[in-house]
There are 4 protein chains.
Amino acid sequence: MGRIQRETVAEKSAAILRERILGGELSPGTPVTEDAVAEDLGASRATIRQALNTLLMDGLLTRHPATRVLQVTTLSPEEVRDIYRARRFLELGGVEAAAHASAEQLERVADAVRELEKTVHSHDVTGFVQADIRCHVEVVELLGSRHLTDAHRHLMEKLRLVITATEQQEALVRENLKERLAVHKEFAELLVAGEVGRARANLAARLEDAEEVVAAEAAGGG
Amino acid sequence: MGRIQRETVAEKSAAILRERILGGELSPGTPVTEDAVAEDLGASRATIRQALNTLLMDGLLTRHPATRVLQVTTLSPEEVRDIYRARRFLELGGVEAAAHASAEQLERVADAVRELEKTVHSHDVTGFVQADIRCHVEVVELLGSRHLTDAHRHLMEKLRLVITATEQQEALVRENLKERLAVHKEFAELLVAGEVGRARANLAARLEDAEEVVAAEAAGGG
Amino acid sequence: MGRIQRETVAEKSAAILRERILGGELSPGTPVTEDAVAEDLGASRATIRQALNTLLMDGLLTRHPATRVLQVTTLSPEEVRDIYRARRFLELGGVEAAAHASAEQLERVADAVRELEKTVHSHDVTGFVQADIRCHVEVVELLGSRHLTDAHRHLMEKLRLVITATEQQEALVRENLKERLAVHKEFAELLVAGEVGRARANLAARLEDAEEVVAAEAAGGG
Amino acid sequence: MGRIQRETVAEKSAAILRERILGGELSPGTPVTEDAVAEDLGASRATIRQALNTLLMDGLLTRHPATRVLQVTTLSPEEVRDIYRARRFLELGGVEAAAHASAEQLERVADAVRELEKTVHSHDVTGFVQADIRCHVEVVELLGSRHLTDAHRHLMEKLRLVITATEQQEALVRENLKERLAVHKEFAELLVAGEVGRARANLAARLEDAEEVVAAEAAGGG
DNA sequence: GTGGTCTAGACCACA
DNA sequence: GTGGTCTAGACCACC
């Protein structure tokens, strides 16, 4: 725990930019030039280049084919739906796997939900979103493959591009926070109780709703 | 039509190195230093750095924790099994999805098998391996999500690290080439016929066998 | 070994256009405008301009004096005869030089003929034309000056403008492929045997025949 | 004759630079950057780029393989000898062709020599060099192929890279101007008289001498 | 509509 | 930091 963590300037830069993008500070479509970033972060262009490359491969940045200029990725509705198809497959697969999961594994899902509950009580919307994500991640963990959870984490990150915290959405979220918590709790209970079919239905319904909201957002923003 | 596409020196370098690694020219554990590669490929260190970073993120290179020197990734048996868990999930999921797939989609799987057949007739072992991979890729395509097929492609590439074409293996492969083709053909027929259950069993058995072989190889090589 | 080499978009564009012209895809007289090419190849006008300039200086494109529009060069019969005068001088000079050439050099000519033989056996007409050209190039190589071989290569390329692979010609070529091979083989043997006079006569006759055919073609096509 | 000749800025720029290089104003090895030239000549970089490209293809500029920076070409002694091999072949071939040349054609050679004589009388060294070149060009003209004379002109231009007017050379040239004129006159007379063999010897001797001088110069300069 | 010219801005690579 | 490379978008001139 007390271990020193070396982190290169490039990695730090990438992390900062990632946060800015996913936090909505840099909205989709914004051009991102090496020079500007280098000056802004006070690093050399070569270093920034590396950082941008990381984000490019993560899909957070996209290169304009002609000008080669980088810009914050704009997710098309079609791509959002593709991601949801993938999520559905991975997460529902996780639910299915719950039937053979150890009690310890299931407990981690339940724990994620409890964490979600805390954020509701403290009216912490940002925390809610993170905890919500963790709830989904833990379900995929049930599949027992690091490679699959990595792929899933990647999908979730990409989605954050479009779920950027607009004020309206925040307000909207606040409205139904409790409602959503209830659904999550029900889901966790079903899972622990071994009621795979009903847990599956619960999750599927949630994903379907979310897909529509996010796809609409992507269509509107694009 | 004849659209031109640019490829930077860094991309070219990465592609060359990737081919060397996956082709077994650079075997797992081989240290890879910026200087050496830079001189070898006739590019500057900064450029090579970028290329190596790409491969690092692809998992083809690993950084030695102590010396920070890059080396060709050595897959542990445990990691091989993790990859196979992921493959099993994705590919068997693809089989399941075949029930709702269009005739056109199923045709692509059948086509991949036909291509495999050709390589057997022309005794093209290298081609066989590639066609074999394509057979599996096409099954995952049935899931209809680019993100999932990308993830799968990534897994397959990593596996090539350990399935490197040793002469012994080639000989071994030659032995049972026809046998393996027969299994593939049966699989394709079952899939097209809508016999999901039996197709699933066919594929599951193949994956299980392969996992044991590859995991053993990884244990031996490491 | 695996040294990387860069190729600019302009160079790539020039190469593509050259191939289209020499391959007969763009026939003599066809107008070539910057805009059209730029859009077709997906490059900017400035870049394409550079590529077109290269081809202009190579003589593959000609600028219409009035409209200043570029068009694929149409070789006049007179120009064809000029080229053949030059070829005759260079190639017959090469034959003369064979008297003082090393065995190794002569072997390269013989090798070119052997390559020609292969293409006949495999009924590869395209390959035949290329190998035929190489036979002539190797003779000029005997002169031992890179500048002369460059000039010769340039002539051969220009001729390809009018020897474009029309189907009729292909058929015609197929007819006398073996016959032409025989003459080539005899030539190589004479050369290696040091029979300069007879080798000279052999080559001179071939060039004279070819000149008539090509000049007629140029007269007809123009 | 009174026709208007449009000349693009790029062409003009190329001509100016060519003159600077061949006139020794820019000596071999001097780096030539787009920016500097653009500012110097008052044209845009795109335009200059085109001009530089022309000179690059003419062999007057060379691109440093690593840095891609252009610099005035430095001729190696080996390349000088290659050029002389080519010149020997072309010019001696021209002499040979004199046997079948028209009186009018031979007259042009004689005229070139007369022009040379004038420059000697007016002590015009620069003019002497130009007239000297014309004497050689006219001989190649006897071959009757524009393509060959073009190739020859190209060789002569490249040589001017190393025959740059150093003061010492100028002095040296002044010394033997008359002597060289005498040899030229003898050559023209032999040619007109149909004494091909002796004309050939005359020219061959001159070329051999020149080759040694120039190759030595190239070795010294490099 | 085609070509010639130019500006402005960015990326790419080397050193 | 320098230099090469490329794009985008504009203006003018000519037929």
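Within each chain, residue numbers correspond to sequence positions counted from 1 in written order. By the order in which they are written, chains take letters starting at A while ligands take numbers starting at 1. Restriction of local features to residues with pLDDT of at least 70 applies here, the model being predicted, together with a cutoff of 80 or more for giving and counting side-chain atom pairs; totals for whole chains, interfaces and linings are based on all residues. Working from all heavy atoms in the structure, the side-chain values ignore hydrogens and water.

Enquirer: Sorry, what's going on with the overall build of chain A here?
Expert: Every helix listed is a DSSP run of H or I at least four residues long, and every strand listed is a run of E at least two residues long, numbered separately from the N terminus. Across its full length, chain A carries 9 helices and 3 strands. Beginning at the N terminus, the succession of helices and strands in chain A can be written as α-β-α-α-β-β-α-α-α-α-α-α. Computation of the radius of gyration draws on C-alpha atoms, with the globule rule given as 2.2 Å multiplied by the number of residues to the power 0.38. In terms of overall size, chain A behaves like a compact globule, its C-alpha atoms giving a radius of gyration of 19 Å where 222 residues would be expected to give roughly 17 Å. Seen through its C-alpha atoms, chain A measures out along the principal axes to roughly 55 × 45 × 35 Å. For the exposure calls, accessible area comes from a 1.4 Å probe over protein chains only, and a residue counts as buried if that area is under 20% of its type's maximum, exposed if over 50%, partly exposed in between. A burial count over chain A gives 44% of its 222 residues as buried. Note on contacts: a residue pair qualifies if any of its non-hydrogen atoms lie within 4.5 Å across the two residues. Looking at chain A alone, contacts between residues at least 24 apart form 70% of all its contacts between residues at least 6 apart. Method for areas: the Shrake-Rupley scheme with a 1.4 Å probe, in which residue coverage is limited to the protein chains shown. Summed over all atoms, the accessible surface of chain A reaches about 11,800 Å², with 52% contributed by carbon and sulfur. Side-chain charges in chain A split into 28 positive and 37 negative, and the spacing between the mean points of these groups amounts to 4 Å. His is not counted here, nor are the chain ends, while Lys and Arg score as positive and Asp and Glu score as negative. Here the site of a charge means atom NZ of a Lys, CZ of an Arg, CG of an Asp or CD of a Glu.

Enquirer: Help me understand the protein's contact with DNA strand F in this model?
Expert: In the vicinity of DNA strand F lie 19 residues, with Thr8, Val9, Ser44 and Thr47 of chain C together with Arg45 of chain D positioned nearest. Nearness here has a simple test: a residue counts as near a molecule or strand if at least one of its heavy atoms is within 4 Å of that partner. Sugar and phosphate atoms represent 79% of those atoms of DNA strand F found within 4 Å of the protein. We call two N or O atoms a polar contact when they sit within 3.5 Å, provided that within protein one can donate a hydrogen and the other can accept it, with sequence-adjacent residues counted only if both atoms are side-chain atoms. Take Arg49 of chain D: an N or O atom from its side chain is 3.4 Å from a phosphate oxygen of DNA strand F. Every element with two or more residues in the surface near DNA strand F is listed here: α1 (9-22) and α3 (45-58) of chain C together with α3 (45-58) of chain D.

Enquirer: What is the right way to look at the side chain of Ser13 of chain D in this model?
Expert: Residues and elements named next belong to chain D. Among the structural elements, Ser13 can be located in helix α1 (residues 9-22). On the basis of relative accessibility, which here comes to 4%, the residue Ser13 falls in the buried class. A distance of 2.6 Å separates a polar side-chain atom of Ser13 from the backbone oxygen of Val9. Excluding anything up to four places from it in sequence, Ser13 contacts Leu41, Ile48 and Ala51.

Enquirer: I tried to follow the relation of the copies chain A and chain B on my own but got confused; where do I start?
Expert: Superposition of the two copies of the chain requires a rotation about an axis together with a shift along that axis. You can overlay chain A on chain B at an RMSD of 0.3 Å; the transform is a turn of 179 degrees with a shift of 0.0 Å along its axis. Here the symmetry operator amounts to a two-fold rotation axis. When you check the interface residues of chain A against chain B, 96% turn up at the interface there too, and the contact is symmetric in its surfaces. The copies are overlaid by a least-squares fit using only the C-alpha atoms of residues whose pLDDT is at least 70 in both copies.

Enquirer: How should the relation of the copies chain C and chain B be read in this particular structure?
Expert: Screw-axis analysis of chain C against chain B gives a translation of 0.0 Å along the axis, an RMSD of 0.1 Å, and a rotation angle of 179 degrees. Residue by residue, 100% of the interface of chain C is reproduced at the interface of chain B, so both copies engage with the same surface.

Enquirer: Even after reading the chapter, I still don't get the UniProt feature "domain: HTH gntR-type" (unreviewed entry) in chain A, so can you show me in this structure?
Expert: UniProt positions are given in the numbering used here, feature names are shortened, and annotations may be inferred rather than shown by experiment. Per the UniProt record, "domain: HTH gntR-type" (unreviewed entry) is annotated on residues 7-75 of chain A. Its end C-alpha atoms 30 Å apart, residues 7-75 of chain A is made of 52% helix and 12% strand.

Enquirer: How do you make sense of the interface of chain C and chain B when you look at a structure like this?
Expert: By a widespread convention, an interface's size corresponds to the accessible area lost as its parts come together. Each partner contributes to the interface: chain C provides 16 residues, whereas chain B provides 16 residues. Overall, the association of chain C and chain B removes approximately 1,200 Å² of surface from exposure, summing both partners, and the carbon and sulfur fraction of that is 53%. In the sections that follow, a salt bridge refers to a side-chain nitrogen of Lys or Arg positioned within 4 Å of a carboxyl oxygen of Asp or Glu. Where chain C touches chain B, the interface holds 0 salt bridges. Our count for the chain C to chain B interface comes out at 4 residue pairs in polar contact (both at pLDDT 80 or more). The term buried area means the drop in 1.4 Å probe accessible area that two parts suffer when joined, counted for both and summed.

Enquirer: Can you walk me through the sheet that holds strand β1 (residues 31-32) of chain D in this structure?
Expert: The pairing of strands in a sheet comes from backbone hydrogen bonds and takes either a parallel or an antiparallel form. Residues and elements named next belong to chain D. When DSSP finds at least two bridges between two strands, those strands are taken to pair. The strand order across the open sheet built from 3 strands is β1-β3-β2, with neighbouring strands paired in antiparallel fashion. Edge positions in the sheet fall to β1 and β2 (61-63), since each of these pairs with one other strand and no more. Across 3 bridges, β2 lies against strand β3 (residues 70-72) in antiparallel orientation. Pairing of Arg63 across the sheet is with Leu70, part of β3. Along the sheet, α3 contacts β1, β2 and β3; its crossing angle with β2, the most-contacted strand, is approximately 95 degrees. For helices, the fitted line uses only the C-alpha atoms of the stretch in contact; every axis is such a line through C-alpha atoms, and the angle between N-to-C directions lies from 0 to 180 degrees.

Enquirer: What should I look at first to understand the protein's contact with DNA strand E in this one?
Expert: The immediate surroundings of DNA strand E are formed by 29 residues, with Arg45 of chain A, Val9, Ser44 and Thr47 of chain B together with Val9 of chain D found nearest. Counting only atoms of DNA strand E within 4 Å of the protein, the sugar-phosphate share comes to 80%. A distance of 3.4 Å separates a phosphate oxygen of DNA strand E from a polar side-chain atom of Arg68 of chain A. Between a phosphate oxygen of DNA strand E and a side-chain N or O atom of Thr47 of chain B, the distance comes to 2.5 Å. Of all the secondary structure elements, the ones that give two or more residues to the surface near DNA strand E are α3 (45-58) of chain A, α1 (9-22) of chain B together with α3 of chain C. By residue class, the composition of the surface near DNA strand E is 9 nonpolar, 9 polar and 11 charged. Three classes are used: nonpolar for Ala, Val, Leu, Ile, Met, Phe, Trp, Tyr, Cys and Pro, charged for Asp, Glu, Lys and Arg, and polar for all others, with Gly counted as polar.

Enquirer: Explain the packing of aromatic side chains here, please?
Expert: Here a ring pair, both rings aromatic, is described through the centre-centre distance and the interplanar angle of the planes. Stacked, edge-to-face and tilted are the three classes for Phe, Tyr and Trp ring pairs, Trp counted by its six-membered ring, which pair at centre distances within 6.5 Å; planes under 30 degrees apart are stacked, over 60 edge-to-face, the rest tilted. Across all of its chains, the model carries 2 aromatic pairs over all chains by this definition. Charges are assigned to positions over rings by a cutoff of 6 Å between ring centre and Lys NZ or Arg CZ, combined with an angular limit of 35 degrees from the ring normal. Sitting over the face of the ring of Phe187 of chain A, Arg206 of chain A holds its NZ or CZ atom 4.8 Å from the ring centroid.

Enquirer: How do you make sense of the interface of chain A and chain B when you look at a structure like this?
Expert: The interface is formed by 26 residues belonging to chain A together with 25 residues belonging to chain B. In total, about 2,300 Å² of surface goes out of reach between chain A and chain B, with carbon and sulfur atoms giving 56% of it. Among the residues of chain A in contact with chain B, Arg68, Phe89 and His147 of chain A are the three that bury the most area, contributing 28% of the side total. Taken together, the connections running from chain A to chain B amount to 2 salt bridges. Across the pair Arg146 of chain A and Glu79 of chain B runs a salt bridge whose closest N-O atoms are separated by 2.8 Å. Applying the counting rule to chain A against chain B returns 15 residue pairs in polar contact (both at pLDDT 80 or more).

Enquirer: Looking at this model, I keep getting lost on the sheet that holds strand β1 (residues 31-32) of chain C. Mind explaining?
Expert: All names here are of chain C. In space, the 3 strands of this open sheet follow the order β1-β3-β2, with antiparallel pairing throughout. Of all strands in the sheet, those with a lone pairing partner are β1 and β2 (61-63), marking the two edges. Pairing of β1 with strand β3 (residues 70-72), which is carried by 2 bridges, proceeds in the antiparallel orientation. Following the sheet pairing, Val32 is matched in β3 by Leu70.

Enquirer: Please explain the environment of Pro31 of chain A as it appears in this structure.
Expert: Residue and element names in this part refer to chain A. Along the chain, Pro31 falls in strand β1 (residues 31-32). For Pro31, a relative accessible area of 54% translates into the label exposed. Between the C-alpha atom of Pro31 and that of Val72, which follows or precedes it by 41 residues, the distance is 6.5 Å. In this structure, Pro31 is in contact with Val69, Leu70 and Gln71, ignoring residues within four places of it in sequence.

Enquirer: It is not clear to me how helix α4 (residues 77-97) of chain A should be interpreted in this structure. Could you clarify?
Expert: Since there are 3.6 residues in each turn of an α-helix, residues three or four apart along the chain are aligned in direction. Look at α4 of chain A: 30 Å from first C-alpha to last across 21 residues, which is about the 30 Å you get at 1.5 Å a residue. In terms of burial, α4 of chain A is a largely internal element, 15 of the 21 residues being buried. The span you would expect from a helix comes to 1.5 Å times its residue count less one.

Enquirer: Could you clarify how one ought to interpret the packing of α1 of chain C against helix α2 (residues 34-41) of chain C in this entry?
Expert: Packed helix pairs are specified by the crossing angle of their axes together with the interaxial distance, meaning the distance between the axes. All names here are of chain C. Running from N to C, α1 and α2 point in directions that differ by 105 degrees, and their axes come no closer than 12 Å. Of the possible angle classes, the one that applies to α1 and α2 is roughly perpendicular. Touching Ser13, Ile16, Leu17 and Arg20 of α1 are Val37, Asp40 and Leu41, all from α2. Roughly parallel here means an angle under 35 degrees, roughly antiparallel means over 145, roughly perpendicular means 65 to 115, and every remaining angle is called oblique.

Enquirer: Looking at this structure, I do not really get helix α7 (residues 146-159) of chain D. What am I missing?
Expert: In this model, α7 of chain D (14 residues) spans 20 Å end to end at C-alpha, consistent with the 20 Å of a helix rising 1.5 Å per residue. Buried within α7 of chain D are the following residues: His147, Leu148, Thr149, His152, Leu155, Met156, Glu157, Lys158 and Leu159 of chain D.

Enquirer: Just to check I follow, could you spell out the pattern of salt bridges for this structure?
Expert: Close approach of charged atoms allows side chains with opposite charge to pair. Per the stated rule, a full pass over the model turns up 106 salt bridges over all chains. Taking the shortest distance from any N to any O, the salt bridge between Glu157 of chain B and Arg18 of chain B comes out at 3.4 Å. Taken as a pair, Glu157 of chain B in helix α7 (residues 146-159) and Arg18 of chain B in helix α1 lie far apart in primary sequence, 139 residues in all. Exposure remark for Arg18 of chain B: the relative accessible area of 19% places this residue in the buried category. In this structure, Arg134 of chain C engages Asp111 of chain C in a salt bridge whose closest nitrogen and oxygen atoms are separated by 3.3 Å. On the criterion of sequence distance, the pair formed by Arg134 of chain C in helix α6 (residues 125-141) and Asp111 of chain C in helix α5 (residues 103-121) is long-range, its members being 23 residues apart. Linked by salt bridges that have partners in common, Glu107, Arg108, Asp111, Arg114, Glu115, Arg134 and Glu138 of chain A make up one network.

Enquirer: Looking at this model, I keep getting lost on unusual backbone geometry. Mind explaining?
Expert: Glycine aside, residues mostly have negative phi, and peptide bonds are mostly found in the trans state. A positive phi angle is found at Arg68 of chain A, which is not glycine, with a value near 65 degrees. Positive phi, close to 50 degrees, is recorded for His123 of chain C, a residue that is not glycine. For His123 of chain C, the location among the structural elements is in the loop between α5 and α6.

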